[in-house]
Amino acid sequence: MRKINLIICLVAMTVLFSFTACDNSGLSKKDKQEIMDEISSLQAQLPIEISGDAMKITDVQFEGNQFVYTVSVSPEFYSNLLLSSEYLKSDETVVNIIQLIGDENIQYFVDKKIGIKYKYVKSDDDSVNKSIDISPERLKEVWTNYKSGNLQKASFLDKVKSELANLQFPSDFGNGVLLTNAYVEGKKVYYEFQVPTGDADSNAFSARYDEMKSAIISSLKEDPNITSYKNEIFDEKVYFIYIYTNAYGNKLLTITLTPQDIFG
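Just so it is clear, the structure is predicted and the values come from calculations on it, not from any experiment. (Residues numbered from 1 in each chain as written. Predicted model: local features only at pLDDT ≥ 70, side-chain atom pairs only at ≥ 80, totals over all residues. Heavy atoms only, no water.)

Novice: I'm lost on the overall build of the protein in this one. Help?
Specialist: Helix and strand counts for the protein stand at 13 helices and ten strands. The buried share among the 264 residues of the protein stands at 44%. Taking all contacts inside the protein whose residues are at least 6 apart in sequence as the whole, residues at least 24 apart take part in 62%. Carbon together with sulfur atoms contributes 44% to the accessible area of the protein, which is approximately 12,900 Å² in total. (Helix = DSSP H or I, 4+ residues; strand = E, 2+ residues; numbered from the N terminus. Buried < 20%, exposed > 50% of the residue type's maximum accessible area, 1.4 Å probe, protein only. Contact = heavy atoms within 4.5 Å. Areas by Shrake-Rupley, 256 points an atom, 1.4 Å probe, with all protein chains shown as cover.)

Novice: Would you take a moment to explain the sheet that holds strand β6 (residues 171-172) for this structure?
Specialist: Where strands meet in a sheet, backbone hydrogen bonds hold them as pairs that are either parallel or antiparallel. What the five strands build is an open sheet, ordered β6-β7-β8-β9-β10; its pairing is mixed. Of all strands in the sheet, those with a lone pairing partner are β6 and β10 (251-257), marking the two edges. Inspection of the sheet shows strand β7 (residues 178-185) paired to strand β8 (residues 188-194) by seven bridges, in the antiparallel sense. Within the sheet, the bridge partner assigned to Ala-182 lies in β8 and is Tyr-191. Its contacts with the sheet put helix α8 (residues 156-164) on β7, β8 and β9 (239-245), and the angle it makes with β7 is roughly 145°. Contacts between helix α10 (residues 209-221) and the sheet are confined to β9 and β10, with β10 contributing the most and set at about 45° to the helix. (Pairing = 2+ DSSP bridges. Axes fitted to C-alpha atoms, helices over the stretch in contact; angles between N-to-C directions.)

Novice: What is the right way to read the packing of helix α6 (residues 103-111) against helix α7 (residues 136-147) from this model?
Specialist: For any two helices packed against each other, the geometry is given by the interaxial angle and the distance between the axes. Two numbers describe how α6 lies on α7: the axes approach to 10 Å, and their chain directions differ by 135°. Of the possible angle classes, the one that applies to α6 and α7 is oblique. Seen along the crossing, α6 lies across α7 with a hand that is left-handed. Residues Asp-103, Ile-106, Gln-107, Phe-109 and Val-110 of α6 lie in contact with α7, whose contacting residues are Leu-139, Lys-140, Trp-143 and Lys-147. Classifying every residue of the contact of α6 with α7 by side-chain character gives five nonpolar, one polar and three charged. (Parallel < 35°, antiparallel > 145°, perpendicular 65-115°, else oblique. Left-handed = near helix turned anticlockwise from the far one by under 90°. Nonpolar A, V, L, I, M, F, W, Y, C, P; charged D, E, K, R; others polar.)

Novice: Mind showing me how you'd approach the sheet that holds strand β4 (residues 115-122) here?
Specialist: Read from one edge to the other, the open sheet built from five strands follows the order β1-β2-β3-β4-β5, with strand pairing classed as mixed. Where the open sheet ends on each side, the last strands, each with one partner, are β1 (48-49) and β5 (125-134). Inspection of the sheet shows β1 paired to strand β2 (residues 55-63) by two bridges, in the antiparallel sense. By the bridge assignment for β2, Ile-48 is matched with Ile-57.

Novice: Teacher, can you tell me more about unusual backbone geometry here?
Specialist: Most peptide bonds take the trans form, and the phi angle of most residues other than glycine is negative. Here the residue pair Leu-46 and Pro-47 is connected by a cis peptide bond, since its omega of -5° sits within 30 degrees of zero. Mapped onto the elements of the fold, Pro-47 is located in the loop between α2 (29-45) and β1. Going from Phe-169 to Pro-170, the amide bond is cis rather than trans, its omega being -5°. The phi dihedral of Lys-237 falls on the positive side, at around 55°, and the residue is not glycine. By secondary structure assignment, the location of Lys-237 is in the loop between α12 (230-236) and β9. Taking the relative accessible area as the measure of exposure, Lys-237 reaches 57% and is therefore exposed.

Novice: It is not clear to me how α6 should be interpreted in this structure. Could you clarify?
Specialist: Helical geometry note: an α-helix holds 3.6 residues per turn, so side chains three or four residues apart project in the same direction. When we look at burial in α6, the residues that qualify are Ile-106, Phe-109 and Val-110. All buried residues of α6 fall inside an arc of 100° around its axis, so they share one side. Residues of α6 that are buried sit in contact with β3 (66-73), α5 (91-101), β4 and α7. Positive phi shows up at Lys-113, right after α6, with a value of about 60°. (Arc of directions from axis to C-beta.)

Novice: What is the right way to read the pattern of salt bridges from this model?
Specialist: It is possible for side chains bearing opposite charge to pair when their charged atoms get close. For the coordinates displayed, the defined rule picks out four salt bridges. Where Asp-91 meets Arg-138, a salt bridge forms, and the shortest distance between an N and an O atom there is 2.8 Å. With Asp-91 in helix α5 and Arg-138 in helix α7, this residue pair connects regions lying 47 residues apart in the sequence. Arg-208 serves as the salt-bridge partner of Glu-211, at 3.9 Å between the closest nitrogen and oxygen. (Salt bridge = Lys/Arg side-chain N within 4 Å of Asp/Glu carboxyl O.)

Novice: Got a minute to help me understand the packing of α5 against α7 in this structure?
Specialist: Their axes nearest at 10 Å, the elements α5 and α7 cross at an angle of 80°. When the axis of α5 is compared with that of α7, the two are roughly perpendicular. Each of Asp-91, Val-94, Val-95, Ile-98 and Gln-99 in α5 lies in contact with α7, whose residues at this interface are Arg-138, Leu-139, Val-142, Trp-143 and Tyr-146. Looking at the contact of α5 with α7 residue by residue, the class counts come to seven nonpolar, one polar and two charged.

Written out as structure tokens, the structure reads:
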């Protein structure tokens, strides 16, 4: 079961920052040509899958003084993105992007007065969209505060609590599966799912324990929002608990993951 997370999307797009940025005044003609060649190469690879058919990078452009990345999100997953207006505008979001893109690239962006924009659109209706829009001035402001130590990376559990607070329940995860609740208690993160009544046979569902546990672990290992907090997850002994019930509220299966399960 894959939990769609905004940071998965951001990190997947850091591949697009592997080249030097450009603006209209600070680079040589050679630099600009190299950038345009790289953008053309990236555009030839589009769409780039982030999470299968659920999320794909469909366009990359340099508009004005910003890199603009368009991400198409399937309808069933669009509502699960952590894209509240508060989250989009928060210093935390910009700090996350700074950490994921890397100091060297961010310093170059700041020096060249370049901003960043991520645009998320529903795949069946591109008029429905949300954006993370970071102007050059905003990027410089947060970058300066971050480097001076005035802005810190949020603790893992605090970050999870903040993200879960933005979710609406139930959330449709496709194939009749609903996320009915998600919360943090102590150092345990709980996800409660309701599965279709066709899976109501507890014995049959329990037989899928190993398969589902393996799938969840694989998903978490691909989530930079998890892997970037590996040390803290180990130090704090954070557990992830997935509870599955049928439509009548009867518990079918509980999967508990320790840091060792995830990272080995």
